[in-house]
Amino acid sequence: QNSMLHVFKFGGASVKDAPAVRNVADIVAHFNNEHRIVIIVSAMGKTTNALEEVVDAYYYQKGNAADLLNQIKEQHLSISRELFGHDFHPVFTLIEQAFATVAQRFNHPPSTAYSYEYDQIVSLGELAATLIVSDYLNECRMGVEWLDARRLLRTDNTYREGQINWKESAKRVLSVLPKMLDNGKIIITQGFMGGTIEGFTTTLGREGSDYTAAVFANLLDAMSAGDMDMF
């Protein structure tokens, strides 16, 4: 343990637009030198609510799911333009790909399980937010490593209320994170989500990002109350 571990959680309001993301960079820069840092990020602003409308439109076949999804994508691209100043940054391709993966679902009728569809679609908010925030921090020369929470936190198949398999999650987190942190990397990952053994996305219930931050702190043993920095 060469330095104290900080687990930061940035909620939706903390990453709602370009100035907010710049503020995240300032906060992280302030702690960067003497601490090991794990950052948990929520979806940007009101993205979760907007994606819930997409789920509804798709599940009940209202016909406007693709349009609603496109609007959300445009918001993320526009925040990225403001942060990176041009469209050539690799983050634009990553955002397009993430949204395209969800859009492909619309080519098929939804499954009978609303909660399953919900998790596969709404989790896009956290994915997109972490792609933008991690690339921006790297643009600020911070040495950030983006990790997919679905590969780290193993849950059961209770969609929308995923129950964490602690033993399996501990194994996954501890096989990857400590080494990266020791090498001075800042880790960034998604709040609110995990993955099943079959590779499906689950969400951890409302306020899931706070829970995710507590889970990582616990698994990495950061927990003395003073180390949990919440924004």
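### Considering the pattern of salt bridges
As a working rule, side chains carrying opposite charge can pair if their charged atoms are close by.
Inference 1: Enumeration according to the criterion identifies eleven salt bridges in this entry.
Inference 2: For K73, the salt bridge is made with E96, and the minimal N-O distance between the two is 2.8 Å. Taken as a pair, K73 in helix α3 (residues 65-84) and E96 in helix α4 (residues 90-103) lie far apart in primary sequence, 23 residues in all.
Inference 3: Judged by its relative accessible area of 14%, K73 falls in the buried class.
Inference 4: Within this structure, D148, R150 and R151 form a network of salt bridges that share partners.

### Description of α4
Inference 1: Its 14 residues give α4 an end-to-end C-alpha distance of 20 Å, which sits within 8% of 20 Å, the value for a rise of 1.5 Å per residue.
Inference 2: Buried within α4 we find V91, F92, I95, A98, F99 and V102. The buried residues of α4 occupy an angular sector of 130° when the element is viewed end-on, so they sit on one face. Pointing more than 90 degrees away from the buried face of α4 are the exposed residues P90 and T101.
Inference 3: Here the buried face of α4 lies against α3, α5 (114-122) and α6 (124-139).

### Structural notes on unusual backbone geometry
Glycine aside, a negative phi is what most residues show, and trans is what most peptide bonds show.
Inference 1: One non-glycine residue, Q61, lies in positive phi territory at about 50°.
Inference 2: Inspection of the secondary structure puts Q61 in the loop between α2 (47-59) and α3.
Inference 3: Residue classification places Q61 among the exposed positions, given a relative accessible area of 52%.
Inference 4: Phi is positive for F192, close to 75°, though the residue is something other than glycine.
Inference 5: With respect to the helices and strands, F192 occurs in the loop between β4 (186-190) and β5 (193-195).
Inference 6: Since its relative accessible area comes to 5%, F192 is described here as buried.

### With respect to the environment of N23
Inference 1: Assignment of secondary structure puts N23 in helix α1 (residues 18-31).
Inference 2: When its relative accessible area of 42% is taken as the criterion, N23 is described as partly exposed.
Inference 3: Taking the C-alpha atoms as reference, N23 lies 15 Å from S80; in sequence the two are 57 residues apart.

### Brief notes about the packing of aromatic side chains
Inference 1: By the definition in use, this model includes nine aromatic pairs.
Inference 2: For the pair F8 and F10, a centre-to-centre distance of 6.0 Å together with 15° between the ring planes defines the contact as stacked.
Inference 3: With centroids separated by 5.1 Å and ring planes inclined at 70°, the aromatic side chains of F8 and F31 adopt a geometry described as edge-to-face. Placement of F8 in strand β1 (residues 5-10) and of F31 in helix α1 is noted, with a sequence separation of 23 residues between them. A single burial state applies to F8 and to F31, both of which are buried.
Inference 4: Among the aromatic residues, those joined into a cluster by ring pairs are F8, F10 and F31.
Inference 5: Directly above the aromatic system of Y118 lies the positively charged group of R160, at a separation of 3.7 Å from the ring centroid.

Thresholds applied
Residues numbered from 1 in each chain as written. Predicted model: local features only at pLDDT ≥ 70, side-chain atom pairs only at ≥ 80, totals over all residues. Heavy atoms only, no water. Salt bridge = Lys/Arg side-chain N within 4 Å of Asp/Glu carboxyl O. Helix = DSSP H or I, 4+ residues; strand = E, 2+ residues; numbered from the N terminus. Buried < 20%, exposed > 50% of the residue type's maximum accessible area, 1.4 Å probe, protein only. Expected span 1.5 Å × (residues − 1). Arc of directions from axis to C-beta. Contact = heavy atoms within 4.5 Å. Phe/Tyr/Trp six-rings, centres within 6.5 Å; stacked < 30°, edge-to-face > 60°. Lys NZ or Arg CZ within 6 Å of the ring centre and 35° of its normal.

This is a description of form; function is not addressed.
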